[in-house]
Amino acid sequence: MRCYLHAFLLCMVFTFCSLLYVFSQLASTFEDSEEWNLREQGIPERNSHDTGHILRKRPGLAGLRDREEGLDRERSGSAVKEHSDERSHLAVVACGPRLEETLTMLKSAVLFSKKPLHFYIFAEENLHHSFRSALDSWPRTVQNKFKSTIYPITFPKDNAKEWKKLFKPCASQRLFLPLILKEVDSLLYVDTDILFLRSVEDMWALLSRFNSSHLAAMAPEHEEPRIGWYNRFARHPYYGKTGINSGVMLMNMTRLREKFFKNDMTAVELRWEEILMPLLQKYKLNITWGDQDLLNIIFHHNPESLYVFPCHWNYRPDHCIYGSNCQGAEQEGVFILHGNRGVYHDDKQPAFRAVYDAIQKYPFGENMEASLLQPLEASLQATTHTYCGRASHLFTKRLKQSIMSVHQDITQSRQSGHYFNTTP
């Protein structure tokens, strides 16, 4: 009888403990659900780290609601949907004597894009009026193709001077775009020395190739390791074999804002706004290329978050200065030309300067084949004494197709009675 009593008591204790466990799990589930709902409604959390496990438990990302007029609502999942107005969102940071170079970049974006654009221009206060005046002077048919918003240069107040002097004036502003443009889901950032030889929407379409882990896309710094900078000289971690170049950076900023990043400073994964300053403090004596180096460090520890696109989307003098080493450009031509190290404004790489001059001097409304392509091809003929000049047929290979595509679009628009673009 005593054995039965002991067995009965043990069963009662086991049942009681099981009930306690079940109720604790239910309470935890309700708490997680309530905290997630607070995040969905935009109510600040008590502690960002406390809710990190909630983000990891629930797959996918919820798109932020757009409050700015002209931006559309969208959700961000494993594949990024286009905005309902089909706009491509393009950001640039301009400081010092970069006004004309930036305007030429924006001009190249407008010339070859068939879908509307939204420019986010971050510039020093003294440049704002010049930007507005220049963009307002463009023909109305061109202005109809884009919206523009001009912002001041802004850094975190506590460390503004340190960020501004990093590498080049204002260059590190790009690191804070996800925190400033909080209502923008996806963004294409480019340096001022970029020239589009293919439509921006084609670059924008690479967002659809992102898998569920990707939150940014960039090109390798080098194709040939023997001339690579990072693999030979870097004193800090970098992405892949040769590092990445941040002159053209496509971002799903909703994902970037919500990601918890692995790092080499703490076992705790950090959000974007939490990781930047500690990284700078740790590596500021070892970095050479400023914010680009910080991006290399971040994606070294989070390689699954980066989509790497081919070099012809970010073609620089390094791809031809010692002989052609960008296979994508050899096959399809150059899509985006990146004239870093000031090659648009000196005589070191005349082929790059020829492209810049041709686009800058092209008058809106003129025939693009006669007033842009033919003068450019003539100028490039005089550059064949340089390695990049010998590869200059790659600069016009895609450009010819872009001009033809714009011409066909205009012809169809005129036939349908909807004239939208400028005359090629």
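Residues numbered from 1 in each chain as written. Predicted model: local features only at pLDDT ≥ 70, side-chain atom pairs only at ≥ 80, totals over all residues. Heavy atoms only, no water.

*Asks:* Would you mind showing me how to read the state of the cysteines here?
*Replies:* Disulfides are covalent bonds that link the sulfur atoms of two cysteine residues. Tallied over the full model, the rule gives three disulfides. Disulfide pairing is shown between Cys95 and Cys170; the S-S distance is 2.0 Å. The sign of the -95° torsion about the S-S bond sets the Cys95-Cys170 disulfide as left-handed. Separated by 75 residues along the polypeptide, Cys95 in the loop between β1 (88-94) and α3 (99-112) and Cys170 in the loop between α6 (160-164) and α7 (177-180) bring together distant segments of the chain. Across this residue pair, the class does not change: Cys95 and Cys170 are buried. By sequence-ordered numbering of the bonded cysteines, the protein has its disulfides arranged as 1-2, 3-5, 4-6. (Disulfide = S-S within 2.5 Å. Helix = DSSP H or I, 4+ residues; strand = E, 2+ residues; numbered from the N terminus. Buried < 20%, exposed > 50% of the residue type's maximum accessible area, 1.4 Å probe, protein only.)

*Asks:* Could you clarify how one ought to interpret the confidence of the model for the protein in this entry?
*Replies:* Keep in mind that low pLDDT regions are not for reading the predicted coordinates in detail. Averaged over the protein, the pLDDT score is 83; the fraction of residues at 70 or greater is 77%. Confidence drops under a pLDDT of 50 for residues 19-84, and excluding neighbours within four residues, the segment shows 97 contacts in the predicted structure. Counted against residues more than four places away or in other chains, residues 419-424, with its pLDDT under 50, gives 29 contacts. (pLDDT = per-residue confidence, 0-100. Contact = heavy atoms within 4.5 Å.)

*Asks:* Explain the side chain of Asn340 here, please?
*Replies:* Locating Asn340 in the fold gives a position in the loop between β9 (336-338) and α14 (350-361). Each residue touching Asn340, except ones within four places of it in the same chain, is listed here: Asp193, Arg316, Pro317 and Asp318.

*Asks:* Could you clarify how one ought to interpret the environment of Arg98 in this entry?
*Replies:* Positionally, Arg98 belongs in the loop between β1 and α3. The partly exposed category is assigned to Arg98, whose relative accessible area is 26%. On a C-alpha basis, the gap between Arg98 and Asp193 in space is 8.7 Å, while along the polypeptide they are 95 residues apart.

*Asks:* When you look at the pairing of strand β2 (residues 117-123) in this model, what are you seeing that I'm missing?
*Replies:* Across a regular strand the side chains alternate sides, sitting on one face of the sheet and then on the other. With seven of seven residues buried, β2 lies mostly within the body of the structure. Both faces of β2 are covered, namely the face carrying Leu117, Phe119, Ile121 and Ala123 and the face carrying His118, Tyr120 and Phe122. Strand direction decides the pairing type here: β1 and β2, joined by seven bridges, are parallel. Its bridge partner lying in β2, Val92 is registered against Ile121. Where the polypeptide runs from β1 across α3 and back to β2, its parallel neighbour, the crossover connection is right-handed. With six bridges connecting them, β2 and strand β3 (residues 146-151) associate as parallel partners. (Pairing = 2+ DSSP bridges. Right-handed = clockwise from strand over helix to strand, strands pointing away.)

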